[in-house]
Structures are given as structure tokens and as C-alpha cells.
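Now for the letters of each chain:
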Amino acid sequence: MARKPKIQGGIQGIRAQFLDAQQVLDEKKELVDPDANLLRNGIKAGQWEGAPHHNMPPDCPITVLGKKGETIYVINAIGELEEITRHDLPTLLRIFSPFVNYVFWAWPAWSKAKGEPGSEGYVPPKVERVQRDQAWTAIIGEAGRKGLFDPQNNVRGRGGWKAQDKFIWHSGKHLFSVDIKTDKNNRATDWQLQAAKPGDYDGFFYAQDNDTVHPWQTPIGVNDSPAHIILQDLKSWKWERPYIDPIFFLGWIGSAFLSGALDVRPIMFTMGGAGTGKSTLHGILRALFGSALYSTANTTAAGIYQNIRQDSRPVAVDEFERKAQGQKEQAIIELARQSYSGAKGYRGGANGDGTEFELRSSFIFSAILHPHLGVQDRTRMIILNLNALDKDANATQPLIKEEWGRMILRQIMDGFHDFYWHILPKWRQILSDQRLALDPRAIDTYGTVLACAELLVGEQGLVDAGMHQDPTADGVRLDLDMLVETIEAATSADRAEQVPKWQEVIEKIMGAKVDAYKAGERQTVGGIIEALENDQRSDMNIDEARARLALIGLGLRDKNKPCRGYALAIPHNDDNLNRVFADGEFNHGGWTLALKQAPQTIVPRELSKADKTVKINRVAKTVTLVDLAGYDERMEAAG
């Protein structure tokens with residue numbers, strides 16, 4: 001039976017809330033902007049060292065980052081990243097707001113004195129305007145001194161990030177991190193939460209933005225984490241793989257907090273019809289992440305990256321349904337695929353300027369039927385299928401308390417050191433077991449979510465959720481043999497659907513219909529070859545097979561000439577094959593590129609020019625040979 005964790009309350013909870021209130025009070029003390037005619041640190045208006053434009057004035061509220069082309073990049077007085085292309089007074093006042101008096105003090109234009117000094121009624125000069133051109137000259141000069149600045153490479157927005165070996169959570173107004181000590185086994189101890197204003201850190205500039213979730217002020221251990229309750233609640237859904245799908249979903253939650261701090265960001269897809277609880281799952285995410293989650297439906301790829309910008313906040317797309325054409329959906333899937341590894345993307349602009357972006361967000365989708373997914377998508381994605389809930393399920397919908405998301409965030413921050421050095425490497429090693437036959441990308445995908453799940457609930461929580469415990473170990477340890485069997489069962493269907501491109505080409509050709517009839521039906525390429533191989537039970541011979549295959553632009557070589565079995569000769573270019581692959585990714589000779597990726601036992605490489613030249617319809621063509629015996633052996637071995 002699962003243990004119920006003791007959620008932090010009492011004195012500890014009161015202390016966390018007191019620290020929250022203290023932080024708010026400290027923030028309110030910071031806004032000071034004296035009159036421009038008063039001295040600032042003993043300096044009179046316009047008389048600071050280097051005035052008016054040899055350098056920037058002291059204690060300047062803005063930070064000039066650099067320039068790119070005609071654009072100057074600054075962090076304005078409230079911490080926002082701004083792209084400056086206009087050098088007028090309103091822009092100047094906007095980037096310094098609310099410290100407007102500072103602009104008048106730094107670049108003053110004085111009124112005339114009234115009367116003579118010492119005489120009755122004498123009025124000394126006062127600051128009444130801003131020397132706008134002097135101010136912009138100073139800012140432009142500083143941008144030139146700072147040099148080239150690319151916001152995609154140098155700026156980080158809200159979300160989770162990794163700086164050296166430390167995890168940083170950028171809430172919008174604060175950078176949070178945890179200082180730790182380590183024991184002799186390199187395990188973290190003594191967790192101290194630190195908060196700082198956004199700014200330069202480890203070569204990146206963290207730009208201020210609207211605030212999101214803050215971590216809980218006091219440490220959260222694995223035994224008092226609300227993740228245990230969430231995991232048990234998730235088990236009430238009707239998952240296709242109830243023994244592991246809830247763990248995958250919880251692990252994705254952890255990875256979504258980490259996002260930019262991870263090497264890869266696994267993509268999650270929940271799929272099921274009406275009444276399966278997909279929307280309720282998205283409601284759980286909104287409750288945990290709050291405004292840190294970018295939740296949307298009926299969106300576009302441009303809408304996502306324009307809203308996320310430099311953030312690493314998680315992205316949830318609901319009602320992401322399969323469409324007949326699906327270009328919009330494919331663009332979003334491509335965006336999620338780029339975000340998986342943090343690859344750069346480029347988009348053209350209306351004015352001819354290109355837009356470069358780099359996403360490091362964790363994506364989750366939900367739909368009744370998911371859009372078309374290629375092999376490159378499936379290896380980065382975990383698909384969770386849902387069945388209809390019981391009719392009375394609404395009566396027991398889970399309640400997510402307001403502070404649980406903050407507690408989980410703090411737990412992730414406290415546990416990042418052990419996650420990075422111990423938990424994630426352990427899961428990568430487990431999933432590298434030869435019995436699983438997972439490729440490196442699948443190891444990264446499944447290993448990341450399983451490691452995040454262990455970070456949140458520990459091995460005890462995984463056992464409580466249904467994984468097998470090693471009865472021979474001292475303490476709680478997972479049974480590795482049973483774990484391998486569990487993951488093998490969970491991933492076998494997904495791996496079976498991940499057909500490589502070369503196999504897609506061969507299967508497409510085998511299923512193509514030829515303009516030749518037998519018993520009143522059009523034959524397929526595969527049917528003709530099967531009839532040839534069963535020549536003792538049919539009247540098909542190799543000459544007849546060649547004649548029929550030539551109708552679709554294919555050739556055929558006999559056994560042992562040069563392959564072990566019959567060899568299907570597929571020309572590099574052919575109008576008939578273009579019709580077979582019409583409007584697909586393999587059109588216009590793309591099938592040849594895909595076939596080059598097949599194993600040599602199926603597509604032999606070291607062949608003579610004569611072997612690779614076959615007459616089809618009396619025309620000598622350069623072909624790719626597919627050894628059908630090798631192909632059959634490969635398919636039989638794969639089941």
C-alpha cells in the first residue's frame with residue numbers, strides 16, 4: 001500500500017510563508033528616484049565622470065547589452081529586454097521609466113539663472129529639459145563598446161536553466177538557485193535557497209519579465225513531497241499501460257520544470273476519446289505550473305515561438321487533432337522536435353529579415369487522434385493512450401493545492417545535483433541493457449522522464465506505484481530484471497511503429513499495384529514476387545515477373561546474380577515510381593536516398609557497374625538492388 005507523505009505544514013509551513021512576505025517587503029524598498037536638481041552620491045547633475053557620452057553615467061538604471069545591425073539591445077529600468085531602433089525622447093523616457101528623474105540628472109538642459117548671485121530674488125539655474133542627443137550618443141557609444149549582441153544566444157527568459165552545475169529557476173522577477181554542500185559520496189546536503197535580481201550570470205543575461213511561480217522557501221525532501229499524492233491520483237485514470245503510464249506523466253512534469261537545464265526535453269502526447277480525462281490532466285498541469293505554463297489550443301508554430309521567445313517554460317497544446325492536410329500541425333510538431341534538443345529554427349519575416357529562434361521548452365499535446373508522426377518524431381515522443389473513465393470518476397477528481405507546484409519546484413531545485421550526477425546516469429545505464437534494444441535517442445527520452453519521476457518520489461514511490469522491488473536488497477531497491485521486462489513491454493509497440501525510412505520505401509513499393517491482372521484483380525509488386533518465389537505452385541517465371549514489374553518501372557535480377565535471393569531493381573529516377581510516391585517525401589528520387597540507409601544485407605553497397613545497371617522497358621537504368629532474401633530475414637527477426 002502506498003505511503004501518504006506528510007506535506008509540509010505547521011511551523012515549517014508558517015516559516016515558508018513568512019519568508020515569502022519578507023521578500024515582498026524587501027522589494028518595496030527599492031524604488032528611489034530623487035529630483036534631478038539634487039546631488040546623487042555627491043555628484044551634481046551632468047557632472048559625472050565621462051559626461052556627457054564618453055561612458056555611461058554611474059548607477060544607471062538601464063543596461064546596454066550591445067548591437068546587431070541598426071538595432072541596439074538594452075535591458076530597461078524594469079528589467080525587460082528591448083530592441084531599440086528609434087532614438088527619440090519618448091523611447092528614452094520609456095526605457096528609463098520609472099526612473100525618469102535620472103535621465104534629467106544624467107543629461108540635463110539648464111534653465112537660465114534669474115538675477116545675480118547673492119542678490120535678493122536670485123534664482124539659480126535648474127534642470128528643466130533633457131539633452132536627448134547627448135543621451136543617445138552615450139547609449140549608442142556604449143553599444144559599440146559592448147559589440148555584437150544576439151538575443152537568441154545571449155539572453156535567457158523565464159523557466160529552468162543550467163549554469164555550470166547549478167540549476168537556476170527564472171521566475172520573471174527573480175533568479176532562484178540552491179546552494180548545497182556535498183558529502184564524501186558527492187550527494188547533496190544542506191540546501192540553502194538563494195534569490196537575486198535578473199542580470200548577467202555565467203555569460204548569459206537573464207531578462208526580467210512578468211513573474212511566474214516561485215519555489216517553496218524551505219527544503220522539500222522526497223518523503224514530504226506532494227508528488228506521491230499526485231502519482232496515486234494519476235493512477236485513477238484508465239491508462240493503456242497502467243503499470244507505467246502514470247509514472248511517465250509524473251516524470252514529464254518534473255522534466256517540464258527543468259526544461260532548459262536538460263540535454264533533451266521529452267515530448268508527451270495524451271490520446272483518447274471523449275470522457276477519458278485529457279482535459280482534467282491539462283487542468284492538473286495548469287494548477288501546478290500556474291502562469292509558468294503556456295497553455296493553448298488551435299494555435300500555430302509562429303504563435304508559440306513568438307509567445308515563448310527566450311523562455312524555457314513548458315508548452316501544453318490541447319485539442320491537437322489530426323487534420324486531412326495537417327500542414328499547421330506538422331509545423332508545430334517540427335517546433336517541438338527542435339525544442340527537444342534545443343536546435344535553432346529560422347523563419348522569414350514580412351520585411352525580408354529572417355527570424356532566428358531557439359526553444360528549450362517541454363511540450364505536451366492531447367488529442368483524440370494524433371497527427372501523422374514520422375520516425376524522427378516518435379523517437380522523441382512518449383504516447384499515452386487513455387480509455388474512457390468510469391461514470392462516477394468526476395466525483396473523485398484530484399484536488400491540487402495551490403502550494404504543491406511551488407513545493408515540487410523546490411524539490412527539483414534541491415535534488416538537481418543528485419539528479420544530474422547520480423539518478424539520470426543510472427537510468428541511462430539501465431535502459432542501455434541489450435535486452436531492450438533501445439536506440440540512443442529512445443534512451444534519452446525514456447531515461448529522462450523515469451529519472452525525473454524518481455527524483456520526485458524516489459524508488460519507494462516507484463514501488464508504491466507498481467514497480468517491482470528487489471527482495472534481496474537491503475532497503476528499497478527496484479528489481480532490475482523485472483524493470484527491464486516492464487520497459488520492454490511498455491516500449492515494444494512504440495518501437496514497432498518506428499519504421500525506418502528505407503523500410504517505408506520497400507513496403508510502399510511492395511504494396512503498389514501493377515497494371516496486370518490475375519483472376520480479375522490487379523496484382524501488387526509484392527504479390528508478383530511471392531508468386532515467383534512459389535513457382536512450384538504457380539505459372540509465374542522470372543521472365544513473366546520482369547515483364548509485369550516493368551509496367552511500374554521496376555526490374556528484377558535472378559538469384560545469386562549478384563544477391564543471395566531475387567533482387568528487386570529500383571531505378572534512381574522513373575516516372576512510374578514518381579506516381580507511386582506522388583506528393584510524398586520520397587518523390588523525385590527520394591526513395592534512392594532512403595534505400596541507402598538500409599543495412600548492407602538488404603541493400604548491398606559494393607557492386608560493379610554492370611550489377612547496378614538493369615534494362616527496364618528496353619532502357620538501361622542505374623538501379624539500387626534490394627536483396628529480397630536479406631529483407632525477409634530482417635522482417636522475420638523483427639517479428
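Anyway, here's the lowdown on the structure attached to this text. (Residues numbered from 1 in each chain as written. Predicted model: local features only at pLDDT ≥ 70, side-chain atom pairs only at ≥ 80, totals over all residues. Heavy atoms only, no water.)

## Brief notes about the overall build of the protein
Next, step 1: Along the backbone of the protein there are 20 helices and 25 strands.
Next, step 2: Here the protein holds 639 residues, and the buried ones make up 50% of them.
Next, step 3: Taking the intrachain contacts of the protein between residues at least 6 apart in sequence as the baseline, contacts between residues at least 24 apart amount to 66%.
Next, step 4: Carbon together with sulfur atoms contributes 48% to the accessible area of the protein, which is approximately 31,100 Å² in total. (Helix = DSSP H or I, 4+ residues; strand = E, 2+ residues; numbered from the N terminus. Buried < 20%, exposed > 50% of the residue type's maximum accessible area, 1.4 Å probe, protein only. Contact = heavy atoms within 4.5 Å. Areas by Shrake-Rupley, 256 points an atom, 1.4 Å probe, with all protein chains shown as cover.)

## Re the sheet that holds strand β24 (residues 613-616)
Next, step 1: The sheet built from 4 strands is open, its strands ordered β22-β23-β25-β24 with antiparallel pairing. Here the strands that pair on one side only, and so sit at the sheet edges, are β22 (555-557) and β24. Averaged over neighbouring strand pairs, the angle between their axes works out to 50° when direction is ignored.
Next, step 2: Where β24 and strand β25 (residues 619-627) come together, 4 bridges link them in antiparallel fashion. Note on β25: the bridge partner recorded for Thr613 is Thr622.
Next, step 3: Along the sheet face, helix α17 (residues 542-550) touches β22, β23 (567-571) and β24 and points at about 155° away from the line of β22. (Pairing = 2+ DSSP bridges. Axes fitted to C-alpha atoms, helices over the stretch in contact; angles between N-to-C directions.)

## Let's talk about the nonpolar core
Burial of nonpolar side chains together is a common tendency in soluble globular proteins.
Next, step 1: Counting residues in hydrophobic clusters, the biggest one holds 76 residues, and the most contacted among them are Phe289, Phe419 and Trp427.
Next, step 2: Residues in contact with Phe419, not counting those within four places in the same chain, are Leu258, Leu262, Leu424, Pro425, Ala451, Cys452 and Leu455.
Next, step 3: Counting 35 residues, the second-largest nonpolar core is a separate cluster that includes Ile529, Leu577, Phe581 and Leu595. (Core = buried A, V, L, I, M, F, W, Y, C linked by side-chain atoms within 4.5 Å.)

## Section: the environment of Phe204
Next, step 1: Structurally, Phe204 can be placed in strand β12 (residues 204-206).
Next, step 2: Considered as a pair, Phe204 and Asn154 are 50 residues apart in the sequence and their alpha carbons are 5.1 Å apart.
Next, step 3: In contact with Phe204, not counting residues within four places along its chain, are Asn153, Asn154, Arg156 and Gly199.

## Observations concerning the packing of aromatic side chains
Next, step 1: Summed over the entire model, instances satisfying the criterion amount to 19 aromatic pairs.
Next, step 2: A ring pair is formed by Trp48 and Trp107, whose centres lie 6.3 Å apart and whose planes are at 90°; its orientation type is edge-to-face. Highlighted residues: Trp48 in the loop between α1 (10-28) and β1 (63-68) and Trp107 in the loop between α3 (100-106) and β4 (108-110), separated in sequence by 59 residues.
Next, step 3: The class for Trp48 is buried, based on a relative accessible area of 3%. (Phe/Tyr/Trp six-rings, centres within 6.5 Å; stacked < 30°, edge-to-face > 60°.)

## Side note on the packing of helix α7 (residues 245-258) against helix α8 (residues 278-289)
A pair of packed helices is characterised by two quantities: the angle between their axes and the separation of those axes.
Next, step 1: Closest axis-to-axis distance for the α7/α8 pair is 12 Å, and the angle between their directions is 35°. Considering the relative orientation of α7 and α8, their crossing is right-handed. Two secondary-structure elements touch here, α7 through Phe249, Trp252, Ile253, Ala256 and Phe257 and α8 through Leu281, Leu285, Leu288 and Phe289.
Next, step 2: Across the contact of α7 with α8, the residue classes tally to 9 nonpolar, no polar and no charged. (Left-handed = near helix turned anticlockwise from the far one by under 90°. Nonpolar A, V, L, I, M, F, W, Y, C, P; charged D, E, K, R; others polar.)

## Quick word on the sheet that holds strand β2 (residues 71-75)
Next, step 1: Strands sit in the order β1-β2-β3 across an open sheet of 3 strands; the sheet is antiparallel. Two strands lie at the open edges of the sheet, namely β1 and β3 (81-84), each paired on one side alone. For this sheet the average axis-to-axis angle between neighbouring strands, irrespective of direction, equals 25°.
Next, step 2: Of the strand pairs in this sheet, β2 and β3 are connected by 4 bridges, and their pairing is antiparallel.

## Describing the pattern of salt bridges
Next, step 1: A full pass over the atoms with the stated rule returns 26 salt bridges.
Next, step 2: Across the pair Asp209 and Arg309 runs a salt bridge, and its minimum N-O distance is 3.0 Å. Residue Asp209 is located in the loop between β12 and α6 (227-234), and its partner Arg309 is located in the loop between α9 (301-308) and β15 (315-318); the two are separated by 100 residues in the primary sequence.
Next, step 3: Through salt bridges with shared partners, a single network forms among Arg158, Asp209, Arg309, Asp311 and Arg313. (Salt bridge = Lys/Arg side-chain N within 4 Å of Asp/Glu carboxyl O.)

## Things to note about helix α4 (residues 132-146)
Next, step 1: With 15 residues, α4 extends 21 Å between its outermost C-alpha atoms, agreeing within 8% with the 21 Å of an ideal straight helix rising 1.5 Å per residue.
Next, step 2: The set of residues buried in α4 consists of Ala135, Trp136, Ala138, Ile139, Glu142 and Ala143. Looking straight down α4, one finds its buried side chains confined to an arc of 155°; they lie on one side.
Next, step 3: Where α4 is buried, its residues contact β1, β2, β3 and α2 (89-96).
Next, step 4: Among the residues trailing α4, Gly147 stands out with phi positive, at a value near 90°. (Expected span 1.5 Å × (residues − 1). Arc of directions from axis to C-beta.)

## Remarks on α2
Counting along an α-helix, one turn takes 3.6 residues, and residues three or four places apart therefore face a common direction.
Next, step 1: Regarding α2, the residues found buried are Thr91, Leu92, Ile95 and Phe96. With its buried residues spanning 125° around the axis, α2 presents them on a single face.
Next, step 2: Taken together, the buried residues of α2 touch β2, β3, α3, β5 (127-130) and α4.

## Here's the deal with a negative patch on the surface
Next, step 1: A cluster of like negative charges, contributed by Glu530, Glu533, Asp632 and Glu636, occupies part of the molecular surface.
Next, step 2: Note that Glu533 resides in helix α16 (residues 525-533).
Next, step 3: Taking relative accessible area as the criterion, Glu533 reaches 36% and is therefore assigned partly exposed. (Patch = residues over 30% accessible without salt bridge, like charges linked within 9 Å, V, L, I, M, F, W, Y side chains within 5 Å. Lys, Arg positive; Asp, Glu negative; His and termini not counted. Charge placed at Lys NZ, Arg CZ, Asp CG, Glu CD.)

## Observations regarding the environment of Thr524
Next, step 1: Within the element layout of this structure, Thr524 appears in strand β21 (residues 521-524).
Next, step 2: Of the residues examined, Thr524 reaches a relative accessible area of 24% and is grouped as partly exposed.
Next, step 3: Residue contacts for Thr524: discarding those within four places in its chain leaves Met510, Gly511, Ala512, Lys513 and Val514.
Next, step 4: Within polar-contact distance, the side chain of Thr524 engages the backbone nitrogen of Gly527 at 3.0 Å. (Polar contact = N/O pair within 3.5 Å; in protein donor to acceptor, adjacent residues only side chain to side chain.)

## A look at the packing of α7 against helix α13 (residues 440-464)
Next, step 1: Packing of α7 against α13 leaves a shortest axis separation of 7 Å and a crossing angle of 110°. Judged on the interaxial angle alone, α13 and α7 are roughly perpendicular. Residues Ile247, Phe248, Leu250, Gly251, Trp252, Gly254, Ser255 and Leu258 of α7 form the contact with α13, whose own contacting residues are Tyr446, Thr448, Val449, Leu450, Cys452, Ala453, Leu456, Val457 and Leu462.
Next, step 2: Here the residues of the contact of α7 with α13 are counted per class, giving 13 nonpolar, 4 polar and no charged. (Parallel < 35°, antiparallel > 145°, perpendicular 65-115°, else oblique.)

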